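Here is how the chains run, residue by residue.
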Amino acid sequence: MKRAKLLHLGGVELQRIFRSLPDHDKTPLVTLQPKVYDLAIELLDSYFQAGRQDVIERRKLRKLKQEHNEKFSHFVIRLRQQVLNCGFEKYSVEVGEILKEIYLIDVVVENCRSDELRKAILKKDQTLREIEEIAATIENTDQQLKDLKESDFSSNTQVYGIGSARRITHKTKKFPISNGRDRSQRFGNTLKRTRGSFGQKNEKLACYSCGQEGHFSKSPECPAKGRTCRRCRGLDHFEAMCRKRDHNSVAGEKTKERRVYEVEHIPVSKKLCDEEQESNSEGSTKVYYAFYGGNESNILDCTVGGVPMEVLIDSGADANLIRIETWEMLKNEKVQVMKSTKGCSRVLKGYGSDKPLSVVGTFEAEVSIGGKVVVAEFFVVRDGQKDILGDLTAKTLGVLKVGIDINNVATELKPFSKIKDTKAQIRIIPGARPVFQPLRRIPIPMEEAVNNKLEQLLKRDIIEVKQGPATWVSPLVIVGKASGEPRICLDLRRVNEAVVREHFPMPVVDQYLARLGKGKMWSKLDIREAFHQVELEEDSRDITTFITNRGLFRFKRLPFGLVTAPEIFQRIMEEMLSGCEGTYWYLDDVIIEGETKEIHDRNLNKVDLY
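We now turn to the structure provided with this report. (Residues numbered from 1 in each chain as written. Predicted model: local features only at pLDDT ≥ 70, side-chain atom pairs only at ≥ 80, totals over all residues. Heavy atoms only, no water.)

**Re the sheet that holds strand 18 (residues 546–548)**
Within a sheet, neighbouring strands are paired by backbone hydrogen bonds and run either parallel or antiparallel to one another. What counts is decided by this rule: Here, a strand pair is defined by DSSP locating no fewer than two bridges between the strands. Helix and strand labels come from DSSP, where a helix needs a run of H or I of at least four residues and a strand needs a run of E of at least two; each type is numbered from the N terminus. Helix axes are fitted only over the stretch in contact, all axes being lines through C-alpha atoms; the angle between N-to-C directions runs from 0 to 180 degrees.
One open sheet accounts for 5 strands, arranged 13-19-18-14-15; its pairing is mixed. The open sheet has two edge strands with one neighbour each: strand 13 (463–465) and strand 15 (486–490). Looking at each pair of strands side by side, their axes are set apart by 45 degrees on average, direction ignored. In terms of strand pairing, strand 18 meets strand 19 (residues 551–555) through 3 bridges, oriented antiparallel.

Now the structure itself:
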């Protein structure tokens with residue numbers, strides 16, 4: 001009934017449109033079921049609502065520009081929100097993410113405000129994350145330079161003494177306003193004329209609020225203190241000393257009476273500067289500097305007082321800083337501190353800023369990174385950006401090193417380790433027809449990283465150049481790691497169709513959960529690049545041949561993506577660790593437990609022998 005009423009009120013044109021829609025007659029025109037009306041609404045909405053055009057959304061993305069006072073991070077957030085509407089989700093996950101980043105970088109290059117950032121991007125190919133770090137550094141540097149210029153301006157202010165007021169009468173002359181130099185010259189000429197007319201300058205300076213000598217305008221004995229000027233209705237000066245312009249003067253009068261002051265430049269003496277520095281430093285101690293420039297690459301996981309957290313390693317910071325929000329989190333997690341105090345007598349400042357940081361308090365606790373533990377003092381500050389581990393603590397923990405041999409890195413890569421006396425064999429279904437798949441082009445910005453990765457795999461004896469004719473050939477697949485490096489993988493779906501699986505029983509997680517729990521101490525081992533530690537038989541390597549823009553290669557080790565690779569590796573781990581007590585493994589993850597420390601260490605050392 002509701003649908004019939006809707007069509008009746010909509011008119012003949014709406015009825016004609018509704019009858020032309022597909023699936024409009026699946027249900028009778030009049031019925032008591034409410035879903036009939038809902039179906040009609042959905043059909044009409046789909047007809048009248050405008051469809052989203054990916055071309056238009058991409059055009060909107062290219063039109064986005066960074067506003068005048070907008071931070072680069074806010075600009076990138078707007079770009080990321082718009083790129084979600086550009087239709088990249090119809091591609092695969094890897095290709096979609098690559099296309100999004102390429103579009104975002106192009107828009108940043110064209111529409112960002114900073115020419116310095118644009119030059120840095122055009123020098124060499126950068127990822128979007130690297131561009132954000134460069135932009136954050138540039139913005140912080142610009143802000144520091146601005147603060148330094150303001151501080152230099154305030155420190156170069158000069159002191160002027162103002163003499164008593166004298167009245168002179170001269171013809172009004174209009175000066176054209178051109179620039180600051182002309183105005184300063186005219187001002188200097190006026191001073192010369194004043195001195196020539198009235199003789200030498202006054203040795204005693206008069207108050208410019210009341211006109212009397214012997215005191216200044218801010219002195220409490222000034223008779224004009226608290227008085228109201230009858231000319232401008234201002235406070236603390238007499239009408240005779242008022243410096244406001246006379247609005248009642250006639251614009252066309254030939255002569256005018258003006259008040260001219262003799263201005264004497266009084267340089268600030270070195271003695272005054274020394275006294276000011278002594279007064280400012282009285283009762284203060286060393287100034288500690290801390291600075292965060294938006295760099296996210298030096299963030300490490302650590303433990304403070306038994307609570308895990310993230311800190312930024314800053315070699316330019318003299319102190320360890322904890323935000324007040326982090327301090328509240330540590331207290332909720334029952335952090336273990338050795339000593340804590342409220343407030344602080346030390347002064348903490350950021351580089352380029354004269355304003356001290358607001359320190360709530362300090363505390364001492366154990367800090368551990370990578371098994372090394374030290375006791376450090378932390379300062380809890382308000383309005384902090386990051387939790388910072390300072391220079392001294394970072395060097396003590398060994399996470400920050402300074403020296404001439406830090407960058408001496410060995411360029412020669414050694415062959416990757418492999419399991420001794422073990423080789424894997426890949427069997428093919430008899431009569432299977434080999435498949436040669438064409439080359440898949442990789443994005444140009446990733447070519448250099450992929451070529452470097454291939455060189456590393458060659459030097460580490462993981463792959464080798466394919467010699468002679470090829471049967472099975474698979475395309476290359478690039479998967480990004482969390483560190484940003486590319487992982488070389490193969491699309492072995494056609495190969496997996498012809499591989500004979502071993503069907504080795506894989507463990508179930510429930511079995512592990514049932515076995516664990518007896519011990520009181522556990523250790524977890526993770527095998528590095530586990531599959532690559534298993535060498536392939538010579539006759540099993542051709543099936544792993546893959547094609548790149550540099551030619552054909554094949555794996556000498558067990559590759560990722562092979563359907564039988566997990567079963568082969570689990571079988572090898574079973575053969576190696578089956579005699580180890582308190583040891584459980586699932587592929588490359590190994591857990592060792594023990595009821596006491598001695599039993600745990602004995603089980604761990606036994607696994608280490610393999």
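Resuming the write-up.
**Side note on the nonpolar core**
The following threshold applies: Only buried residues count toward a nonpolar core, which is a set of Ala, Val, Leu, Ile, Met, Phe, Trp, Tyr and Cys residues joined through side-chain atoms within 4.5 Å. With a 1.4 Å probe rolled over the protein chains alone, any residue whose accessible area is under 20% of its type maximum counts as buried; one over 50% counts as exposed, and the rest are partly exposed. It only takes one pair of heavy atoms within 4.5 Å for two residues to be counted as in contact.
In this structure, Ile463, Phe546, Leu558 and Leu562 are the most contacted members of the largest nonpolar core, which totals 42 residues. Mapped onto this core, the elements with two or more residues apiece are helix 13 (444–459), strand 14 (474–480), strand 15, strand 19, helix 16 (565–577) and strand 21 (589–594). Excluding anything up to four places from it in sequence, Leu562 contacts Ile426, Leu492, Val495, Asn496 and Val499. Val311, Ile369, Ala376 and Leu397 belong to the second-largest nonpolar core, a separate cluster that totals 23 residues.

**So, the packing of helix 4 (residues 54–63) against helix 6 (residues 93–111)**
What counts, and what does not: Oblique is the label for every angle not falling under 35 degrees (roughly parallel), over 145 degrees (roughly antiparallel), or within 65 to 115 degrees (roughly perpendicular). Put simply, Ala, Val, Leu, Ile, Met, Phe, Trp, Tyr, Cys and Pro go in the nonpolar bin, Asp, Glu, Lys and Arg in the charged bin, and everything else, Gly too, in the polar bin.
Taken N-terminus to C-terminus, the directions of helix 4 and helix 6 make an angle of 40 degrees; their axes are 8 Å apart at the nearest point. Between helix 4 and helix 6, the angle falls in the class oblique. Judged by residue contacts, Arg58, Leu61, Arg62 and Lys63 of helix 4 engage Tyr103, Leu104, Val107 and Asn111 from helix 6. When grouped by side-chain class, the residues that make up the contact of helix 4 with helix 6 number 4 nonpolar, 1 polar and 3 charged.

**Focus: the side chain of Gln82**
Counting through the fold element by element, Gln82 comes out in helix 5 (residues 72–83). Sequence-distant contacts of Gln82, that is, excluding residues within four places in its chain, are made with Glu57, Lys60, Leu61 and Leu64.

**Describing a nonpolar patch on the surface**
Using the following cut-off: Distance thresholds for patches are 9 Å for like charges and 5 Å for nonpolar side chains (Val, Leu, Ile, Met, Phe, Trp, Tyr), applied to residues having over 30% relative accessible area and no salt bridge. All accessible areas in this document rest on Shrake-Rupley with a 1.4 Å probe, and a residue is counted as covered only by the protein chains that are shown. Salt bridge, as used here: a side-chain nitrogen of Lys or Arg that lies within 4 Å of a carboxyl oxygen of Asp or Glu.
A cluster of nonpolar side chains, contributed by Ile428, Ile429 and Val500, occupies part of the molecular surface with about 200 Å² of accessible area. When you line up the elements, Ile428 lands in the loop between strand 12 (423–424) and helix 13.

**Quick word on the environment of Tyr208**
On the secondary structure map, Tyr208 appears in the loop between helix 9 (180–198) and strand 2 (255–266). Sequence-wise, Tyr208 and Phe238 are 30 residues apart; in three dimensions their C-alpha atoms are separated by 9.2 Å.

**Things to note about the sheet that holds strand 16 (residues 521–526)**
Strand order in the open sheet formed by 3 strands is 16-21-20, and the pairing between neighbours is antiparallel. The two strands at the open ends of the sheet, each matched to only one other strand, are strand 16 and strand 20 (583–586). Averaged over neighbouring strand pairs, the angle between their axes works out to 15 degrees when direction is ignored. In this structure, strand 20 lies alongside strand 21, joined through 4 bridges in antiparallel fashion. Across the sheet, the residue bridging to Tyr584 is Ile591, located in strand 21. The sheet strands contacting helix 16 are strand 20 and strand 21, and the helix crosses strand 20 at an angle near 170 degrees.

**Some words on the packing of aromatic side chains**
Using the following cut-off: Centre distance within 6.5 Å is the pairing criterion for rings of Phe, Tyr and Trp, where only the six-membered ring of Trp is used; planes under 30 degrees apart are then read as stacked, over 60 as edge-to-face, and the remainder as tilted.
Overall, the coordinates contain 8 aromatic pairs when judged by the stated rule. Here the aromatic rings of Phe363 and Phe378 are separated by 5.3 Å at their centres, their planes lie at 15 degrees, and the arrangement is stacked. Linking Phe363 in strand 9 (residues 359–369) with Phe378 in strand 10 (residues 372–381), this pair joins segments that are 15 residues apart in sequence. Residues Phe363 and Phe378 agree in their burial class; the two are buried. Measuring from centroid to centroid gives 5.9 Å for Phe546 and Phe553, while their planes differ by 25 degrees, and the two rings are stacked. Given a relative accessible area of 3%, Phe553 falls into the buried group. Each member of the aromatic cluster is reached from another via a ring pair, and the members are Trp327, Phe363 and Phe378.

**Let's talk about a positive patch on the surface**
Cut-off, in case you're wondering: His is not counted, nor are the chain ends; Lys and Arg add positive charge and Asp and Glu add negative charge. Taken as the charge centre is NZ of Lys, CZ of Arg, CG of Asp or CD of Glu, depending on the residue.
A grouping of Arg59, Arg62, Lys63 and Lys65 is seen on the molecular surface, where their side chains present a positively charged patch. Within the secondary structure, Lys65 is located in the loop between helix 4 and helix 5.

**Here we look at the packing of helix 4 against helix 5**
Packing of helix 4 against helix 5 brings their axes to within 9 Å, and their N-to-C directions diverge by 175 degrees. By the angle between their axes, helix 4 is roughly antiparallel relative to helix 5. Every residue of helix 5 that contacts helix 4 at Glu57, Lys60 and Leu61 is listed here: Leu79, Gln82 and Val83. For the contact of helix 4 with helix 5, the residue count by class is 3 nonpolar, 1 polar and 2 charged.

Geometry only, nothing functional implied.
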